[in-house]
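In case you want the letters, here they are:
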Amino acid sequence: MTTVIDGKQVAASVIEAVKSATQALETDAGVRPGLAVVIVGNDPASHAYVSSKSRMAKECGFQSVQHTLPEETTQEDLAALVAKLNEDATIHGILVQLPLPKHLNSEPIIQSILPEKDVDGLHVVNAGKLATGDLEGGLVSCTPAGAMVFVRQTHGEDLSGLNAVVIGRSNLFGKPMAALLLAANATVTTAHSRTKDLPAVCRNADILVAAVGRPEMVKADWVKPGATVIDVGINRVSAPEKGEGKSKLVGDVAFAEVEKVAGVITPVPGGVGPMTIAMLMANTVIAAYRKAGRKSPRF
């Protein structure tokens, strides 16, 4: 029988651990984790994400601050706000919601966040620490960190002797995911659009992670029987069966057919998605513990 991972359930257990760690830090050190979320413009999807992040931060017992800036905000004004949040000792995590409006350049903004407050794990210092195997010193990008929780639950801490294939090489997910798997002793292949005979490469994987943004690209005959399949794709496709003009969310994996072959699989929606916000909360607590000079919990 294939195990379908319930991402909501796993995320809820991470959130419970975050709440406990938050209470412990407040009791022992008098420190309350602070998370500042910055959103610019009127993108409805971004506003939905931000409100769910702010709501979760409050639920975890954090000091939750939201800065909502108008569409016409200048690069200088946004940079000035980040600088102010960098200096605020009560804020342990800063998150600038992407994408920013087209006239703004996100890269210098992200790189101006102090690495120890970069709870999205996107600063080059945090990326570099992960790439060099320093998992204790940096903050890990939330989505790969969440996917890794699933891998550890299935295979344990040590992935020695297991082949892992990550399809996708983005800085946001593919590269950090490969680094996390490598740090856990897996033998890792990073595959992408230029990879020759991609299905054959995937068939070698005990752990297959798909993050390419192509709806249902990974088919059953790409998957080694019994493999763990982590689907990071979120694609909206038309769903005429639901009615005219209707759509649905699907992953990068053809779930219905791959489920028959895989040993463990994550669904879309309800798999990796809920973990991203949970790991954001975990990173905020980790940042607060480090600032307080305490050994940070592991999630």
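Let us look at the structure shown here. Source: prediction; values computed, not measured.

Comments concerning the sheet that holds strand E2 (residues 34–40)
Reasoning step 1: Strand order in the open sheet formed by three strands is E3-E2-E4, and the pairing between neighbours is parallel. Strand pairing shows two members of the sheet lacking a second neighbour, strand E3 (63–69) and strand E4 (93–96), which therefore form its edges. Strand-to-strand twist of the sheet, defined as the mean angle between neighbouring strand axes without regard to direction, takes the value 15 degrees.
Reasoning step 2: Pairing of E2 with E4, which is carried by four bridges, proceeds in the parallel orientation.

Here's the deal with the environment of Ala186
Reasoning step 1: Mapped onto the secondary structure, Ala186 falls in the loop between helix H7 (174–183) and strand E6 (187–191).
Reasoning step 2: The exposure class of Ala186 is buried, given its relative accessible area of 5%.
Reasoning step 3: Sequence separation between Ala186 and Ala164 is 22 residues; the distance between their C-alpha atoms is 6.3 Å.

Notes on the sheet that holds E6
Reasoning step 1: The strand order E1-E11-E8-E7-E5-E6 describes an open sheet built from six strands, whose pairing is parallel. Every interior strand has two partners, whereas the edge strands, strand E1 (3–4) and E6, have only one.
Reasoning step 2: The sheet contact formed by strand E8 (residues 228–231) and strand E11 (residues 264–265) spans two bridges and is parallel. Across the sheet, Thr228 pairs through a bridge with Val264, a residue of E11.
Reasoning step 3: Contacts from helix H6 (residues 142–155) reach strand E7 (207–210), E8 and E11, with the element oriented near 165 degrees to E8.
Reasoning step 4: Along the sheet face, H7 touches strand E5 (163–167), E6 and E7 and points at about 170 degrees away from the line of E5.

Observations regarding the packing of H6 against helix H10 (residues 272–291)
Reasoning step 1: H10 packs onto H6 with a crossing angle of 110 degrees between their chain directions and a minimal axis gap of 8 Å. It follows from the interaxial angle that H6 and H10 lie roughly perpendicular. Touching Cys142, Thr143, Ala145, Gly146, Val149 and Phe150 of H6 are Val272, Met275, Thr276, Met279, Leu280 and Asn283, all from H10.

What about the side chain of Asn126?
Reasoning step 1: Positionally, Asn126 belongs in helix H5 (residues 124–131).
Reasoning step 2: Of note is the side chain of Asn126, whose polar atom sits 2.8 Å from the side chain of Asp118.
Reasoning step 3: Of note is the side chain of Asn126, whose polar atom sits 3.0 Å from the backbone nitrogen of Leu139.
Reasoning step 4: When near neighbours in sequence (up to four residues on either side) are disregarded, Asn126 contacts Pro115, Asp118, Gly121, Gly138 and Leu139.

The rules behind each value
- Here the residue numbering is sequential within each chain, running from 1 through the sequence in written order.
- The model is predicted, so local features are restricted to residues of pLDDT at least 70 and side-chain atom pairs to those at 80 or more, both for listing and for counting; the totals for chains, interfaces and linings are taken over all residues.
- Only heavy atoms go into the side-chain values, all of them from the structure, while hydrogens and water stay out.
- Strands pair, by our definition, only if DSSP identifies at least two bridges between them.
- Each helix is a run of H or I in the DSSP string that is no shorter than four residues. Each strand is a run of E no shorter than two, and both are numbered from the N terminus.
- Orientation is described by axes fitted as lines to C-alpha atoms, over the contacting stretch for helices, and by angles from 0 to 180 degrees between their N-to-C directions.
- Throughout, exposure labels follow a simple rule: accessible area from a 1.4 Å probe, protein chains only, divided by the maximum for the residue type, with under 20% read as buried, over 50% as exposed, and the rest as partly exposed.
- Every residue pair with non-hydrogen atoms within 4.5 Å of one another is taken to be in contact.
- An angle below 35 degrees is read as roughly parallel, one above 145 as roughly antiparallel, one from 65 to 115 as roughly perpendicular, and any other as oblique.
- Under this definition, polar contacts are N or O atom pairs within 3.5 Å; protein pairs additionally need one hydrogen-donor-capable and one acceptor-capable atom, and for neighbouring residues in sequence, both atoms have to be side-chain atoms.

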